[in-house]
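Coordinates in review
One-letter residues, chain by chain:
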Amino acid sequence: MRLDNGRESNNIEDRRRGGGPRLGGRGSVGIGAIVLALVAMYFGVDPAVVLDLASGPGTSVQEPAGAPPADDQEAQFVSKVLADTEDTWGEIFRASGGRYAEPKLVLYSGVTGTACGTGQAAMGPFYCPGDTRVYLDMSFFGEMQRRLNAPGDFARAYVIAHEIGHHVQNLLGTAERVSRQQRALGPAEANQLSVRMELQADCYAGIWAYHANRSRQILEPGDVEEALNAASAIGDDRLQKEAQGYVVPDAFTHGSSAQRVRWFKRGLESGDPKLCDTFSASSL
């Protein structure tokens, strides 16, 4: 992946210094709660709910955040990918007469406070619409390589671009509309809407890759295969099979491996956000 000449974003918040944020007025979250959260995730329950309940009531107190150290190459990579998504979505929004409001991306270690509850590394990267921030504990990239067998710089870029896709959904009002609908549905139906949200974010990640490569030639041989492998590795069917030995489709919240690959490729091959309408698709 070619990012050597790319700029770095000004929207990185580094909360890793000093051991991360303190949680004021809350109990500590133990390993057992993290395990429960992982099990909840595999069964289609939002892990943030489990972790926030485990930590008890109270408020989070953030340590001062700043820019990453100048010699932190991993943070530089994240910053350059974020900047590239800013440039890409800025152009797409302008072309349709809109304005792209850039999100912040927070680097943290272990635990951090968010407007959506307590963020934990065990949850993986996530987007919080309440504060328009992407949260990333970069140990997840090591897990991608070791546990999911999904290495590569473009695989990591795909993960970041997917979370930015959720920010795009938030700006367009999709996230709020789906949230309202989910509150009126049962678990299985609500999960189906969650799957469509996640697959659209995969498609938006492909949209970014299409336009970034057309404008700045970021792709190198093997990059697309890295992203497709990553999309396949984090499919609900594959994760459920590894976690519990069998698959429960009604509990899917992100989509199967095949679905995630299909929708990322749709964005990557077309570059047209209108083709990412997973909510109108009769078949995913």
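This structure is a prediction, so every number in the text was calculated from the model and none was measured. (Residues numbered from 1 in each chain as written. Predicted model: local features only at pLDDT ≥ 70, side-chain atom pairs only at ≥ 80, totals over all residues. Heavy atoms only, no water.)

**Structural notes on the overall build of the chain**
Of the regular secondary structure elements, the chain holds ten helices and eight strands. Of the contacts formed within the chain by residues at least 6 apart in sequence, a portion of 75% connects residues at least 24 apart. Carbon and sulfur atoms provide 52% of the accessible area of the chain, an area that totals close to 12800 Å². (Helix = DSSP H or I, 4+ residues; strand = E, 2+ residues; numbered from the N terminus. Contact = heavy atoms within 4.5 Å. Areas by Shrake-Rupley, 256 points an atom, 1.4 Å probe, with all protein chains shown as cover.)

**With respect to the packing of aromatic side chains**
Taken as a whole and assessed by the stated rule, the structure comprises seven aromatic pairs. Through a chain of ring-to-ring contacts, the aromatic side chains of Trp-89, Phe-93, Tyr-100 and Tyr-204 assemble into a single cluster. The ring of Trp-263 has Arg-266 sitting right over it, with the charged end atom 4.2 Å from the ring centre. (Phe/Tyr/Trp six-rings, centres within 6.5 Å; stacked < 30°, edge-to-face > 60°. Lys NZ or Arg CZ within 6 Å of the ring centre and 35° of its normal.)

**What to know about helix α5 (residues 153-172)**
Compared with the 28 Å implied by 1.5 Å per residue over 20 residues, the 29 Å span of α5 between its first and last C-alpha is a close match. Burial of α5 is extensive: 16 of the 20 residues sit out of reach of the surface. Positive backbone phi, approximately 85°, marks Gly-173, located one or two places after α5. (Expected span 1.5 Å × (residues − 1). Buried < 20%, exposed > 50% of the residue type's maximum accessible area, 1.4 Å probe, protein only.)

**A look at the state of the cysteines**
Scanning the model with the defined rule gives two disulfides in all. Across the disulfide, Cys-116 is cross-linked to Cys-128 (sulfur-sulfur distance 2.1 Å). One disulfide, between Cys-116 and Cys-128, carries an S-S torsion of 95° and so falls in the right-handed class. Residue Cys-116 is located in the loop between β5 (111-114) and β6 (117-120), and its partner Cys-128 is located in strand β7 (residues 126-128); the two are separated by twelve residues in the primary sequence. Classification of Cys-116 by relative accessible area gives partly exposed; the value is 37%. What connects to what in the chain, once the bonded cysteines are numbered by sequence position, is 1-2, 3-4. (Disulfide = S-S within 2.5 Å.)

**Quick look at the packing of helix α4 (residues 139-146) against α5**
Closest axis-to-axis distance for the α4/α5 pair is 11 Å, and the angle between their directions is 125°. One finds that α4 runs oblique with respect to α5. Seen from above, α4 lies across α5 with right-handed handedness. Counted together, Phe-140, Phe-141, Met-144 and Gln-145 of α4 and Ala-155, Arg-156, Val-159 and Ile-160 of α5 form the full contact between these two elements. Here the contact of α4 with α5 is composed, by residue class, of six nonpolar, one polar and one charged. (Axes fitted to C-alpha atoms, helices over the stretch in contact; angles between N-to-C directions. Parallel < 35°, antiparallel > 145°, perpendicular 65-115°, else oblique. Left-handed = near helix turned anticlockwise from the far one by under 90°. Nonpolar A, V, L, I, M, F, W, Y, C, P; charged D, E, K, R; others polar.)

**Examining the environment of Val-224**
Mapped onto the fold, Val-224 is located in helix α8 (residues 223-233). Overall, Val-224 belongs to the partly exposed group, its relative accessible area being 23%. Sequence spacing of Val-224 and Phe-154 is 70 residues, and the spatial spacing of their C-alpha atoms is 7.4 Å. When sequence neighbours within four positions are dropped, the list of residues in contact with Val-224 reads Phe-154, Leu-219 and Leu-268.

**Some remarks on the pattern of salt bridges**
Under the criterion given, the structure shown has 14 salt bridges. Note that Arg-15 is salt-bridged to Glu-13, the shortest N-O span being 3.5 Å. Taken as a pair, Arg-15 and Glu-13 share a single burial class, namely buried. A single network of salt bridges, built from pairs that share partners, joins Arg-7, Glu-86 and Asp-87. (Salt bridge = Lys/Arg side-chain N within 4 Å of Asp/Glu carboxyl O.)

**Some remarks on the pairing of β6**
Remark: a regular strand shows side chains that alternate across the two faces of the sheet. In the sheet, β5 pairs with β6 via four bridges, with the strands oriented antiparallel. Bridging across to β6, Thr-114 finds its partner in Gly-117. Following β5, the chain reverses through two residues before pairing antiparallel with β6. (Pairing = 2+ DSSP bridges.)

Remember, this is a structural readout, not a statement about activity or role.
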